[in-house]
Amino acid sequence: MKPFHLIINGRKVPTGRCFDVLNPANEEVAGLASLARKKDLDDAVRAAQMAFEKWREVPESQRQTACLKIASKIEENAEELARILTAEQGKPLNGLGSRWEVGGAVAWTRYTAGLSLPVKVLQDNDEGRVELYRKPIGVVGSITPWNFPVMIAVWHIVPAVLSGNTVVIKPSPFTPLSTLRLVEFMNQVLPEGVVNCIAGKDRLGAAMAAHEGIGKIVFTGSCATGRKIMANSAETMKRLTLELGGNDAGIVLPDVDPKQIAEGLFWGAFINSGQTCAALKRLYVHDDVYDAVCGELVDFARKMKIGEGTNEDVVLGPIQNRKQYGIVSDLVQDAKSRGHVLLGGDPGEIRKEMHGKGYFYPLTIIADLENGDPLVDEEQFGPVLPIIRYHQTREAIRKANDNPNGLGGSVWSRDIENAKRIANQMECGSVWINKHGMIQPNAPFGGVKRSGFGVEFAEEGLKEYTDIQVIFS
Ligand code: NAD
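1. Thoughts on the domain arrangement of the protein
Along its sequence, the protein is carved into domain 1 (6-244 + 451-472) and domain 2 (248-440). Taking only C-alpha atoms into account, the centre of domain 1 sits 30 Å from that of domain 2. At the interface, 30 residues of domain 1 touch 32 residues of domain 2. Both faces combined, the contact of domain 1 with domain 2 buries some 2,500 Å², and carbon together with sulfur accounts for 57% of it. Per-residue buried area on domain 1 facing domain 2 is highest for Glu27, Trp146 and Ser451; these three make up 22% of the total on that side. Linking domain 1 with domain 2 are 3 salt bridges, by the criterion used here. Across the pair Glu27 and Arg322 runs a salt bridge, and its minimum N-O distance is 3.0 Å. Viewed at the interface, domain 2 and domain 1 are joined by 14 residue pairs in polar contact (both at pLDDT 80 or more). No other element matches the 4 residues that helix α3 (residues 78-89) contributes to the side of domain 1 that touches domain 2.

Here it is as structure tokens:
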């Protein structure tokens, strides 16, 4: 098996030591990645620093063109990237799986390539001229999770290089292969050293947060790791964008048509087998429509095919790793004693179907839970949805907000204006009406409360890769 090597200064760098990357659908080795040492991190940062000296001087229009070339490169190699992604992440090729993720990465790159941060004139009169410049920070360290490795890498890398920074990216040790290959493709159209990729375990991320040569960390991952990054980066006063965990609530009002909303609710919760930051993770349903909504959702879920991702009929894959499988199983086990299992809840059957291999877990819906139950209060990050009954809108809003996270939320109703009023009272960065988690490149996305700070996407997201300089003349 040929290992995927680090990409430093435009070249493939073997390190002499590799680590196994497992396929979660069969627990076999999907590929090998070179393991970076501290020295490789230093080399990558040095390469990025050298490249920054020239890249920062390249006119914005040329950087935009370079980003468009990145989009074309990804597009040309989309099927290969999708297949690597399915092998290491487990998500299916089809449906909202790997091909969709890679296609999204292309679309995001193209859209972002069109953004611009022109000089802003704040004053121009007899007393003088005042201009605001947006200047690149330097070397951006990107640290990514295992749920959407290609898409999130693009979200970090493209705005960073567009605004004149250079990048060292460290993917999750569970899914490094697609990112190593992606960065290799990017290097076919970028000057050497502008984007570097190092693969390694968690401590490599910690070393990046503390590194003297890195000016900003953009991190997507868990709240616990986000806290560690804040602490480790304090000494060097790094700029931070932290896109952390979510426990998004959905509020279903009594005026909905349960059949009509079932599909949206299902994909809002179960996209990527629930391993999605802004997935619907707690559903509050009004008493009037409670039984009907539960019934329609279960009926819709029963039709979904789970399995090995290269099978073209499959729309949902396994949980990505053993640790996450344990977290999901424990939360369900605990919830069973208080809630009412409407679907799934026992991995026995699906494991048998998959010959005991892989981290497969059935789609699970558990009704009649309450705030205070761990499955409601904690982020499950798996194919499980708790449902909570409510009677008063005020009560639903209070319960939705009664959580330290604040990433996304949704309101389901025929009355859009009323739904917007409720949305406004929800403590989270994005609220969708009659859908959930539909992020798009022209709208800023980020969390409030303990879901982090800073936003990605659109002009607001691009600004996060810059420092302000004001020139008074
Ligand atoms: P994780 O925090 O365990 O790991 C994420 C990355 O951080 C990995 O690359 C890991 O190696 C690295 N890391 C681990 N310890 C580190 C340290 N001390 N210093 C620096 N880096 C370190 O998260 P995960 O399990 O890979 O991903 C799941 C979590 O990510 C969920 O909580 C999910 O909600 C969150 N997430 C958030 C968003 C968002 O946009 N808000 C998007 C996707 C995932």
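2. Some remarks on helix α8 (residues 223-233)
Since there are 3.6 residues in each turn of an α-helix, residues three or four apart along the chain are aligned in direction. Within α8, burial applies to Cys223, Gly226, Ile229 and Ser233. End-on, the buried residues of α8 take up no more than an arc of 115 degrees, which puts them together on one face. Exposed residues pointing more than 90 degrees away from the buried face of α8 are listed as Lys228 and Ala231. Buried positions along α8 lie against β7 (139-143), α7 (202-210), β10 (216-220), β11 (239-243) and β17 (405-406).

3. Here we look at the packing of aromatic side chains
In total, this model carries 10 aromatic pairs according to the counting rule given. On the numbers, 5.3 Å between centres and 75 degrees between planes, the contact of Trp146 with Phe381 is edge-to-face. Here Phe381 lies in the loop between α13 (374-377) and β16 (384-390) and Trp146 lies in the loop between β7 and α5 (149-162), a separation of 235 residues in the sequence. Assigned by exposure class, Trp146 and Phe381 land together as buried. Among the aromatic residues, ring-to-ring pairing joins Trp108, Trp155, Phe445 and Phe457 into one connected group. One residue, Lys216, lies across the ring of Tyr465, its end atom 5.0 Å from the ring centre. Between the NZ or CZ atom of Arg389 and the centre of the ring of Tyr290, over which it lies, the distance is 3.9 Å.

4. With respect to the nonpolar core
The biggest cluster of nonpolar side chains holds 82 residues, and the ones touching the most others in it are Ile157, Val168, Val195 and Ile198. By residue number, the principal contributor to this core is α5, which donates 11 residues. Two domains each put at least three residues into this core: domain 1 (6-244 + 451-472) and domain 2 (248-440). Here Ile198 is in contact with Leu6, Ile8, Ala36, Asp40, Leu41, Ala44, Val168, Ile169, Lys170, Pro171, Leu204 and Met208, once residues within four sequence places are set aside.

5. Quick notes on the packing of α5 against helix α6 (residues 177-187)
Running from amino to carboxyl end, α5 crosses α6 at an angle of 45 degrees, the nearest separation of the two axes being 9 Å. Considering their axes alone, α5 and α6 lie oblique with respect to each other. The two elements α5 and α6 meet at a crossing, and its hand is right-handed. From α5, Pro149, Val150, Ala153, Val154 and Ile157 reach across to α6, where they touch Ser178, Thr179, Leu182, Val183 and Met186. Class assignment for the residues of the contact of α5 with α6 results in 8 nonpolar, 2 polar and no charged.

Calculation criteria
Residues numbered from 1 in each chain as written. Predicted model: local features only at pLDDT ≥ 70, side-chain atom pairs only at ≥ 80, totals over all residues. Heavy atoms only, no water. Domains from an automatic or database assignment. Contact = heavy atoms within 4.5 Å. Buried area = accessible area lost by both parts, 1.4 Å probe. Salt bridge = Lys/Arg side-chain N within 4 Å of Asp/Glu carboxyl O. Polar contact = N/O pair within 3.5 Å; in protein donor to acceptor, adjacent residues only side chain to side chain. Helix = DSSP H or I, 4+ residues; strand = E, 2+ residues; numbered from the N terminus. Buried < 20%, exposed > 50% of the residue type's maximum accessible area, 1.4 Å probe, protein only. Arc of directions from axis to C-beta. Phe/Tyr/Trp six-rings, centres within 6.5 Å; stacked < 30°, edge-to-face > 60°. Lys NZ or Arg CZ within 6 Å of the ring centre and 35° of its normal. Core = buried A, V, L, I, M, F, W, Y, C linked by side-chain atoms within 4.5 Å. Axes fitted to C-alpha atoms, helices over the stretch in contact; angles between N-to-C directions. Parallel < 35°, antiparallel > 145°, perpendicular 65-115°, else oblique. Left-handed = near helix turned anticlockwise from the far one by under 90°. Nonpolar A, V, L, I, M, F, W, Y, C, P; charged D, E, K, R; others polar.

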